[in-house]
Amino acid sequence: MRLLTAIAVTMSVAVLGCKTTNTNQSKVASYGDGYSVSYYTPGSMPVECQTPPGFNFSDGVAVIEGDSLIDGATCSGWSSGLPDCTKPLQEKKLCGTIIKITYNGVTKRGWLTGICPWDHPNNAAKGQWNPCGRGRKHLDLMDSLYFGLGLGDAQSWGPDQSKSPWQQNPQAATVEAYKDGKVEGVWTIH
């Protein structure tokens, strides 16, 4: 009888220690294993999607090509010597996608500005420090959204340029990101 009680207690402890996954949510990252982030000022990167009604232009998010947040979309074809991402944005009706981002207990909602392609010349030239490199989980946030989450300059992803050779920034932050709905009728700018 004591053996059966011990087994029952052990089994209940093991069950309590297991993680459960809610498959109904569109969660794509968990805290600590989330997205690295960097920021840019409006106008320093192209915006491919219109701003959805109810959102500020400065709350934009660019997502890496192939990521789950954009249904694995990749930029096919080139236009004027640059990867053309408007076609997959239009085909998959991705403009109007809303993304919820959480960092250190602060949550903000942003809108998809477009896709950050791996092989854009400005990105590819960065080599291993390409934030949009293949297989990375990274978000490029407009500066208002980035700083609104409580992130600082030192937490932006990328190399620590004070070291030679460059090394990963040890203060780089990661955030959680989820798809958080869709605003219909939002199209690409082009």
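Chains are numbered independently. Their residues run from 1 in the order of the written sequence. For a predicted model such as this one, the threshold for reporting local features is a pLDDT of at least 70, and the threshold for listing and counting side-chain atom pairs is 80 or more; totals across whole chains, interfaces and linings nevertheless cover every residue. The side-chain values count all of the structure's non-hydrogen atoms but skip hydrogen atoms and water molecules.

### Concerning the side chain of Ser38
No. 1: Under the DSSP-based scheme used, a helix requires at least four consecutive residues in state H or I and a strand at least two consecutive residues in state E, with every element numbered from the N terminus. Here Ser38 shows up in strand 1 (residues 35-40).
No. 2: For the exposure calls, accessible area comes from a 1.4 Å probe over protein chains only, and a residue counts as buried if that area is under 20% of its type's maximum, exposed if over 50%, partly exposed in between. Under the relative-accessibility criterion, Ser38 is labelled buried at 9%.

### Some words on the pairing of strand 1
On any regular strand, side chains alternate: one points to one face of the sheet, the next to the other face.
No. 1: Burial analysis of strand 1 places five of its six residues in the buried class, which makes it a mostly covered element.
No. 2: Judged from the two bridges that link them, strand 1 and strand 10 (residues 174-182) form a sheet pairing that is antiparallel. Each residue of the ladder has a partner; that of Ser36, found in strand 10, is Thr174.
No. 3: Here strand 1 runs beside strand 7 (residues 138-142); their pairing, made up of five bridges, is parallel. Within strand 7, the residue paired with Tyr39 across the bridge is Leu141. Note on pairing: two strands pair once DSSP finds at least 2 bridges between them.

### Topic: the packing of aromatic side chains
No. 1: In this scheme Phe, Tyr and Trp rings, the latter by its six-membered ring, pair at centre separations within 6.5 Å, and the angle between planes marks the pair as stacked below 30 degrees, edge-to-face above 60, and tilted otherwise. Enumeration over the complete set of coordinates arrives at four aromatic pairs.
No. 2: Look at Phe57 and Trp111: their rings are 6.1 Å apart centre to centre, the planes differ by 50°, and that puts the pair in the tilted class. One end of the pair, Phe57, is in the loop between strand 1 and strand 2 (60-64); the other, Trp111, is in strand 6 (residues 106-116), and 54 residues separate them in sequence.
No. 3: Looking at Phe57, the relative accessible area reads 38%, which means it is partly exposed.
No. 4: Three or more aromatic residues joined by ring pairs make a cluster, and in this case those are Tyr39, Tyr146 and Phe147.
No. 5: A cation over an aromatic ring shows up here: Lys100 above the ring of Tyr178, its NZ or CZ 5.8 Å from the ring centre. For a Lys NZ or an Arg CZ to count as sitting over a ring, it must be within 6 Å of the ring centre and within 35 degrees of the ring normal.

### What to know about the state of the cysteines
No. 1: Whenever a pair of cysteine sulfur atoms sits within 2.5 Å, that pair is classed as a disulfide. Counting across every chain of the model gives two disulfides.
No. 2: In this model, Cys75 is linked to Cys85 through a disulfide, with the two sulfur atoms separated by 2.0 Å. On the S-S bond that ties Cys75 to Cys85, the torsion sits near 100°, and the link is right-handed. On the criterion of sequence distance, the pair formed by Cys75 in the loop between strand 2 and strand 3 (78-79) and Cys85 in the loop between strand 4 (82-83) and helix 2 (86-91) is long-range, its members being 10 residues apart.
No. 3: Its relative accessible area of 10% is what places Cys75 among the buried residues.
No. 4: With relative accessibility at 1%, the residue Cys85 sits in the buried group.

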